[in-house]
Amino acid sequence: MSKIPVKMTVNGAAVEELVEPRLLLIHFLREKLGITGPHVGCETSHCGACTVDLDGKSVKSCTVFAVQAEGAQITTIEGMAEADGTLSALQEGFMQEHGLQCGFCTPGMITRAHRLLLENPNPTDEEIRWGLSGNLCRCTGYQNIVKAVRYAADKINAGREAAE
Amino acid sequence: MIPGPFEYHRPGSVDEALALLARHGEDGRVIAGGHSLVPMMKLRLAAPAHLIDLRNLAELRGIREADGSLEIGAMTTQHEVIESELLQALCPILRETALMIADPQVRYCGTLGGNVANGDPGNDMPAVMQCLGASYLVRNASGQREIPARDFYEGAYFTALGEDEILTAVRIPRPPEGQGQAYEKMKRKVGDYATAAAAVALSLDGGTCSQAAIALTNLGQTPIFAEAASQALVGSSLDEAAVAEAVRLAREAADPVEDLRGPADFKRHAAGVMVQRAVARARERASA
């Protein structure tokens, strides 16, 4: 099958590549662009390790063809920190609250939690759990992940109040 | 897991998409949210030579109220169903059901049209549509027709949708004022299909049930509109005996097969429990 061009913006940079239509977005990011933060986990749309933010939605990039993301704005874990390297509130929260053990699920967790907090800036613990229900962690038992998201929400909200 | 090769098309109008479908016949498949089709393609259970992406078709989007019905474009995502204040006000069972489908990521992509058109007996919206007396608007190059959800499903993955047709919208008669609705789903974990699920809509007139509809998910090769069970409630005060009879008839209508979710007898039992709970909640929500 012939390759076709695909254009999108990934972590603020415009990219253009020729791809086979069957190339999945996760492989496009990892193998064509060298963006290896999103992980290949279950490959069956369950685990959420491949989660990226695509046009304001949390998406499992193993279940989307790169060609379906034509023109999209994509943010991965690589795009979460400030330009000067300062960690985002969520990244800091996962560090402070020990929200990871092996770390394999963490890029997906943080990327998903990023969108969750944009949609619901002050979630209850139950809303955090439902909001992250598409992301599996096999190490932590989720307690510290919930705490990490709570930490980030509190920090972001405190910053917002201070600014007002 | 790498899907088989295919040629990718991104038509700019429904007419163009229909022309592509007509040209490629059984080698063509439309893709909406892709969260049923892409996993099938990765497993090579589906290998369309031509993939026709509906993403740019604005005609297939949007939620409207018109002429006593709710019309929901096929490309409306489950997330958009959940966020819709119009649907929450007029037909809250849709939000309740959408929240039980898969997980947040899947719901951002998965569409209502895909959920009802795919023919997977595990999908939740088909039984809800049967319960609500909805119909599907479908188009091919020569015109449009409307198929009642209760007549649409023929077998697992077999539906009344022709090879050259696209399901463009779902039309739901506006539920009567005061109708109580509920969807009860037993599942093993987030993201799983139902072990058993039941959709119920009913109306009360004074203390008497004046209208009722019950439909079942994943309890047979197709969603099941449990007509006799529905009728058992009508005219009753939803007393214990009437509900028990509806539960018995719903179990009789169910035709489950054994799988990892349990043996057939267990699922039939669970079907009755789901019906009982959904009737109780629909009743609480109905205003007399």
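Whatever comes next refers back to the structure up there.
The model shown is predicted, which means the values in this text are computed figures rather than measured ones.

Caption draft 1: Main features of the pattern of salt bridges. Residue and element names in this part refer to chain B. Enumeration according to the criterion identifies 23 salt bridges over all chains in this entry. With a closest N to O distance of 2.7 Å, E165 and R145 form a salt bridge. Of the two residues, E165 is situated in the loop between β9 (158–159) and β10 (166–173) and R145 in strand β7 (residues 143–148); the sequence distance between them amounts to 20 residues. Assessed through its relative accessible area of 9%, E165 is described here as buried. A relative accessible area of 37% means that R145 is categorised as partly exposed. Put simply, R188, D192, D259, R261 and K267 are held in one network by salt bridges that share partners.

Caption draft 2: Examining the nonpolar core more closely. Ranked by internal contacts, the top residues of the largest apolar core, which has 41 residues, are L94, M129, Y136, L167, V170 and I172 of chain B. The greatest single-element share of this core, amounting to 6 residues, is contributed by helix α8 (residues 125–132) of chain B. A domain-level breakdown of this core finds at least three residues from each of domain 2 (62–173) and domain 3 (180–285) of chain B. Residues within four places of M129 of chain B in sequence aside, it is in contact with L94, L112, V116, A134, Y136, A149, V170 and I172 of chain B. F28, C62 and V67 of chain A together with C109 of chain B belong to the second-largest nonpolar core, a separate cluster that totals 33 residues.

Caption draft 3: Highlighting unusual backbone geometry. Residues and elements named next belong to chain A. In the Ramachandran plot, D55 falls in the positive-phi region, its phi being about 50° despite a non-glycine side chain. The class for D55 is partly exposed, based on a relative accessible area of 44%. Positive phi values are uncommon outside glycine, yet Y142 reaches one of about 75°. Relative to the assigned elements, Y142 resides in the loop between α4 (125–131) and α5 (143–163). Exposure remark for Y142: the relative accessible area of 23% places this residue in the partly exposed category.

Caption draft 4: Representation of empty space enclosed by the protein. Residue and element names in this part refer to chain A. Evaluated as defined, the whole model comprises 1 cavity of 30 Å³ or more. The volume enclosed by the largest cavity comes to roughly 30 Å³. Together, H39, V40, G41, C42, E43, C47, A49, C50 and C62 line the largest cavity. Of the residues assigned to the lining of the largest cavity, the class counts are 6 nonpolar, 2 polar and 1 charged.

Caption draft 5: Structural view of the pairing of strand β1 (residues 4–10) of chain A. All names here are of chain A. Pairing of β1 with strand β2 (residues 13–19), which is carried by 7 bridges, proceeds in the antiparallel orientation. Residue V10 lies in a different strand from β2, and its bridge partner there is A13. Joining the antiparallel neighbours β1 and β2 is a turn of 2 residues, in which N11 adopts a positive phi near 50°. The sheet contact formed by β1 and strand β5 (residues 73–75) spans 2 bridges and is parallel. Bridge pairing in β5 links T9 to Q73.

Caption draft 6: Examining the environment of G119 of chain B more closely. Residues and elements named next belong to chain B. Of note, G119 is situated in the loop between α7 (112–117) and α8. Sequence separation of G119 and G207 is 88 residues, and the distance between their C-alpha atoms is 38 Å. Sequence-distant contacts of G119, defined by excluding residues within four places in its chain, comprise Y153, G155, A156, Y157 and T159.

Caption draft 7: Looking closely at the interface of chain A and chain B. Contact residues are listed per partner, giving 32 residues for chain A and 31 residues for chain B. Here chain A meets chain B over a buried area of about 2,600 Å², counting both sides, of which 59% is carbon and sulfur. For the pair chain A and chain B, the number of links is 1 salt bridge. Between D103 of chain B and K60 of chain A there is a salt bridge whose closest N-O contact spans 2.6 Å. For the interface between chain A and chain B, the tally reads 13 residue pairs in polar contact (both at pLDDT 80 or more). Counting only elements with at least two residues in the side of chain A that touches chain B, the list comes to β4 (57–60), α3 (106–119) and α4 of chain A. Among the elements that take part in the side of chain A that touches chain B, β4 of chain A stands out by supplying 4 residues, more than any other. Class assignment of the residues belonging to the side of chain A that touches chain B gives a composition of 11 nonpolar, 13 polar and 8 charged.

Caption draft 8: Spotlight on the sheet that holds strand β13 (residues 208–217) of chain B. All names here are of chain B. Read across the sheet, 4 strands follow the order β11-β12-β13-β14 without closing on themselves; strand pairing throughout is antiparallel. Two strands lie at the open edges of the sheet, namely β11 (180–186) and β14 (224–225), each paired on one side alone. Summarising the sheet, β11 and strand β12 (residues 196–205) pair through 7 bridges and their orientation is antiparallel. Note that in β12 the partner of Y183 across the bridge is A199. Sitting on the sheet, α8 touches β11, β12, β13 and β14, and the angle it makes with β13 is about 155°.

Caption draft 9: Expanded view of the environment of R22 of chain A. Here R22 of chain A lies in the loop between β2 and α1 (25–32). Residue contacts for R22 of chain A: discarding those within four places in its chain leaves F65 of chain A together with I2, P3, G4, P5, F6 and R44 of chain B.

Caption draft 10: How the structure looks around the side chain of T111 of chain A. All names here are of chain A. Mapping T111 onto the fold places it in helix α3. Here P107 takes part through its backbone oxygen, which lies 2.6 Å from a polar atom of the side chain of T111. Every residue in contact with T111, bar those within four places of it in the chain, is listed here: T51, V52, D53, T75, T76, I77 and M80.

Caption draft 11: Representation of the sheet that holds strand β2 (residues 28–31) of chain B in the model. All names here are of chain B. The strand order across the open sheet formed by 3 strands is β1-β3-β2, and the pairing between neighbours is parallel. Two strands lie at the open edges of the sheet, namely β1 (7–9) and β2, each paired on one side alone. Strand-to-strand twist in this sheet, taken as the mean axis angle between neighbours without regard to direction, amounts to 25°.

How each quantity is defined
Residues numbered from 1 in each chain as written. Chains lettered and ligands numbered in written order. Predicted model: local features only at pLDDT ≥ 70, side-chain atom pairs only at ≥ 80, totals over all residues. Heavy atoms only, no water. Salt bridge = Lys/Arg side-chain N within 4 Å of Asp/Glu carboxyl O. Helix = DSSP H or I, 4+ residues; strand = E, 2+ residues; numbered from the N terminus. Buried < 20%, exposed > 50% of the residue type's maximum accessible area, 1.4 Å probe, protein only. Core = buried A, V, L, I, M, F, W, Y, C linked by side-chain atoms within 4.5 Å. Domains from an automatic or database assignment. Contact = heavy atoms within 4.5 Å. 1 Å grid on protein atoms, 1.4 Å probe; cavity = no way out; pocket = protein on both sides within 12 Å on 5 of 7 lines; lining within 4 Å. Points joined across faces, edges and corners; volume = space filled by probe spheres on them. Nonpolar A, V, L, I, M, F, W, Y, C, P; charged D, E, K, R; others polar. Pairing = 2+ DSSP bridges. Buried area = accessible area lost by both parts, 1.4 Å probe. Polar contact = N/O pair within 3.5 Å; in protein donor to acceptor, adjacent residues only side chain to side chain. Axes fitted to C-alpha atoms, helices over the stretch in contact; angles between N-to-C directions.

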